[in-house]
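# Residue-level structural notes
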Amino acid sequence: MVHTSQGVLAALEQTSGEERWAISTDVPNLTLRGDSAPATVSGGVFWGTANGRLAAAIVERGQLIWQQPVGTPKVQQRSTVWWMLMPRQLF
């Protein structure tokens with residue numbers, strides 16, 4: 001299993017590295033969240049998405065079976081976001 005920063009979860013063939021299936025999820029234009037490592041359990045795979053959801057799929061088929069929001073992004077004014085991202089001098 002590979003989870004990319006572009007919001008794709010892909011299953012790769014162990015011997016050849018060939019892609020078996022891929023699931024794409026939405027990625028916000030601006031996100032300060034990290035990407036999670038997928039966890040496989042009992043034929044399922046669970047991973048966190050960049051849009052604040054926990055998702056699950058069936059490993060054998062690559063079928064997305066569940067998504068649940070676990071975090072709600074807070075909207076801030078553009079100037080506040082800009083200030084947070086600007087390098088600051090310390091006096």
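Residues numbered from 1 in each chain as written. Predicted model: local features only at pLDDT ≥ 70, side-chain atom pairs only at ≥ 80, totals over all residues. Heavy atoms only, no water.

As recorded in an unreviewed UniProt entry, the chain goes by the name Outer membrane protein YfgL, listed as coming from Vibrio variabilis.

Here we come to a nonpolar patch on the surface. Nonpolar side chains collect at one region of the surface, where V41, F46, L54, I65, W66 and V70 lie side by side and expose about 550 Å² of accessible area between them. You can see V70 is positioned in the loop between strand 7 (63-69) and helix 1 (78-85). Judged by relative accessible area, V70 falls into the exposed class, the value being 63%. (Patch = residues over 30% accessible without salt bridge, like charges linked within 9 Å, V, L, I, M, F, W, Y side chains within 5 Å. Areas by Shrake-Rupley, 256 points an atom, 1.4 Å probe, with all protein chains shown as cover. Salt bridge = Lys/Arg side-chain N within 4 Å of Asp/Glu carboxyl O. Helix = DSSP H or I, 4+ residues; strand = E, 2+ residues; numbered from the N terminus. Buried < 20%, exposed > 50% of the residue type's maximum accessible area, 1.4 Å probe, protein only.)

Okay, the nonpolar core next. Ranked by size, the top nonpolar core spans 9 residues in total: L9, A11, W21, I23, V45, W47, A55, A57 and V59. Broken down by secondary-structure element, the contributors of at least two residues to this core are strand 2 (8-12), strand 3 (19-24), strand 5 (44-48) and strand 6 (53-58). For A11, the residues in contact, after removing those within four places along its chain, are M1, E18, E19, R20 and W21. (Core = buried A, V, L, I, M, F, W, Y, C linked by side-chain atoms within 4.5 Å. Contact = heavy atoms within 4.5 Å.)

Taken together, the 3 strands give an open sheet; going across it, the order is 1-2-3, and neighbouring strands pair in antiparallel fashion. A strand with exactly one partner marks an edge of an open sheet, and here the two such strands are strand 1 (2-3) and strand 3. Bridging between strand 2 and strand 3 involves 5 bridges; their strand directions are antiparallel. Each residue of the ladder has a partner; that of L12, found in strand 3, is E19. (Pairing = 2+ DSSP bridges.)

This brings us to the environment of G43. Position of G43 among the secondary structure elements: in the loop between strand 4 (39-41) and strand 5. For the pair G43 and A57, spaced 14 residues apart in sequence, the C-alpha to C-alpha distance is 8.8 Å. Once you skip the residues sitting within four places of it in the chain, G43 turns out to touch A57, I58 and V59.

So, on to the sheet that holds strand 4. In spatial order, the strands read 4-5-6-7; together these 4 strands make up an open sheet with antiparallel pairing. If you trace the sheet from one side to the other, it starts and ends with strand 4 and strand 7, each paired once. Here the average twist between neighbouring strands, direction ignored, is 20 degrees. For strand 6 and strand 7, the ladder comprises 6 bridges, and the chain directions are antiparallel. Counterpart to A57 in the pairing with strand 7 is L64. (Axes fitted to C-alpha atoms, helices over the stretch in contact; angles between N-to-C directions.)

So, on to the pairing of strand 2. As judged from the 2 bridges shared by strand 1 and strand 2, these two strands associate in the antiparallel manner. The residue bridging V2 from the neighbouring strand is A10, located in strand 2. Here strand 1 folds back onto strand 2 in antiparallel fashion, the turn holding 4 residues, of which G7 has a positive phi close to 85 degrees. The antiparallel pairing of strand 2 with strand 3 creates a hairpin that spans 6 residues between the two strands, and G17 there sits at a positive phi of about 80 degrees.

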